[in-house]
Amino acid sequence: MRIISALLATALMTAYASASENTSPDTRVALPKSTYSLDFPGPAECGSTSLQAGGLKVPKEFCSYFNKSVGHGFDADYMILPSLDPLLTAEDALKRIAAGAAASSKSRVLSESLTTVDGHPALDAVFVPVEPGYIAFLRYVLIGNHLITITADGYKSVQMPIEVERYLMSLKTK
């Protein structure tokens, strides 16, 4: 199965969330069942979700925090992709993932920049809504067939706030 097929299918999938846990604010949060961690700007709730992709049950681990006072959301998740197209470079896969995610969220990719995180290919992107809405800042990281997605959304300006930059940059893969 090609990576794009799997990712497009995830946009149409039904998720089933499991139990969550609270973490204290301003602390490093580890994504469940992983060595991946990052600094959330407030208390995050973590859990697991199962997605159906091409007849396969794909586990997705996540942590989320929503700042109600200002309407900003912070989310980090990872999933193990069923397969990757061996002819597709990691950088091209990340660009296609971002394009598919933008389309499924009725947004467009305003900007994207290839980078690395702990030596792994990554893509930073800014999504703007097609219709009136809020701007999202994202970082995608591909580690083998693990896809990590970090999102900060609910912003009115494409100028990245310092707390978003700190959050996106805080990912550790070990």
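Described in the following lines is the structure provided in the data block. (Residues numbered from 1 in each chain as written. Predicted model: local features only at pLDDT ≥ 70, side-chain atom pairs only at ≥ 80, totals over all residues. Heavy atoms only, no water.)

1. Quick word on the side chain of D77
Convention followed: To qualify as a helix, a DSSP run of H or I must reach at least 4 residues; to qualify as a strand, a run of E must reach at least 2; elements of each kind are numbered from the N terminus. Residue exposure (1.4 Å probe, protein chains only): buried if accessible area is under 20% of the type maximum, exposed if over 50%, otherwise partly exposed. It only takes one pair of heavy atoms within 4.5 Å for two residues to be counted as in contact.
With respect to the helices and strands, the residue D77 is situated in strand β7 (residues 72-80). Classification of D77 by relative accessible area gives buried; the value is 8%. Apart from residues no more than four positions distant in its own chain, D77 is found in contact with L31, K60, E61, F62, L147, I148 and T149.

2. Side note on helix α2 (residues 90-104)
Rule in force here: Helix span is expected to be 1.5 Å times the residue number reduced by one.
Taking 1.5 Å per residue, 15 residues should reach 21 Å; α2 reaches 21 Å between its end C-alpha atoms and fits that length. Considered for burial, the residues of α2 that qualify are A93, L94, I97, A98, G100 and A102.

3. Regarding the pairing of strand β10 (residues 135-143)
How we decide: A pair of strands is treated as paired once DSSP finds two or more bridges between them.
Judged by how many residues are buried, β10 sits mostly within the fold: nine of nine residues are covered. In this structure, strand β9 (residues 120-129) lies alongside β10, joined through six bridges in antiparallel fashion. Within β10, the position partnered with D124 by the bridge is R139. Here β9 hands over to β10 after five residues, the two strands then running antiparallel side by side. Note: β10 against strand β11 (residues 146-155), nine bridges, orientation antiparallel.

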